[in-house]
Amino acid sequence: MSDAYSNNKDSAKGPTKLVFELDYSDYEKSIRKARMQTAVISQEIKKAGKYINKHGGNGKYGQVRIMEGDLKIFTDEISKRLLPAGTIDMQIEAKKAMTPFAVELRDLMKQFVNRIDTGTMKQSVRYKMISNGNIKKLRIEVGWVRLWYKYFDYQESGTRFIVPMKALFNTRLRGERMFDDAVRKFYKGYILKSGKASY
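What this report covers is the structure whose coordinates are included nearby. (Residues numbered from 1 in each chain as written. Predicted model: local features only at pLDDT ≥ 70, side-chain atom pairs only at ≥ 80, totals over all residues. Heavy atoms only, no water.)

### Some thoughts on the pattern of salt bridges
Tallied over the entire structure, the rule returns 11 salt bridges. Notably, a salt bridge pairs Lys150 with Asp153, separated by 3.1 Å at the nearest N-O pair. Pair noted here: Lys150 and Asp153 are both in helix H5 (residues 150-157), with a separation of 3 residues, about one helical turn. We classify Asp153 as buried; its relative accessible area is 3%. Each of the salt bridges in this network shares a partner with another, and the network as a whole consists of Lys17, Glu21, Lys128, Lys137, Arg139 and Glu141. (Salt bridge = Lys/Arg side-chain N within 4 Å of Asp/Glu carboxyl O. Helix = DSSP H or I, 4+ residues; strand = E, 2+ residues; numbered from the N terminus. Buried < 20%, exposed > 50% of the residue type's maximum accessible area, 1.4 Å probe, protein only.)

### Considerations on unusual backbone geometry
Positive phi, normally seen in glycine, also occurs at Lys166, with a value near 60°. Among the secondary structure elements, Lys166 is positioned in the loop between H5 and helix H6 (167-194). Its relative accessible area of 42% is what places Lys166 among the partly exposed residues.

### Brief notes about H5
Of the residues making up H5, those classed as buried are Lys150, Tyr151, Phe152, Asp153 and Glu156. Just downstream of H5 lies Gly158, where phi reads positive at about 85°.

### Comments concerning the packing of aromatic side chains
Applying the stated criterion across every chain, the model contains 8 aromatic pairs. Judged by centre distance (5.2 Å) and plane angle (40°), the ring pair of Phe186 and Tyr187 falls under tilted. Across the pair, Tyr187 and Phe186 agree in class, each one buried. Pairwise contacts between aromatic rings join Trp144, Tyr149, Tyr151 and Phe152 into one cluster. The cationic tip of Lys166 hangs over the ring face of Phe169; the distance from NZ or CZ to the ring centre is 5.9 Å. We note Arg172 situated over the ring of Phe20; from NZ or CZ to the ring centre the distance is 4.6 Å. (Phe/Tyr/Trp six-rings, centres within 6.5 Å; stacked < 30°, edge-to-face > 60°. Lys NZ or Arg CZ within 6 Å of the ring centre and 35° of its normal.)

Pasting the structure below:
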């Protein structure tokens, strides 16, 4: 095999992919803390309801009685449904929400891979998502994440006789903004979706 078709990425002069990470570990900690606090509030509401029922609750508008079933639904909504579910649920939703970003960035990079002989270099631009519930991160890789040959590096980074293509560099310039927009959209959509109570 000639050097041009070597697939040893360690020999690359520059990067072979772009990496973006969505880290929601701090967010998950905040949700867990909020859930513990709202659980305490729910217990206090239950105690107040039992006290009212026990002592009649006579007042200006007559006797007040609180149905135990309604009270349970209300307190459950406070402690569970009004808050996002946490890491596992976020991981699933994050993958769904960030996939359009990964696809758009992949397609953008393909536009910058403008030196086509066999088409392999352009077709090999892919994306990959890696997640792990323990570290609470979603890693998005875009570029030559699977198939790569040394001649990709010659074209991308340049040589003494080849002007660098800079497909990764040009994609990164626009990708940073696209990633920030996608993350904001994800958090906004996730919180609104999780915060809808249904009785």
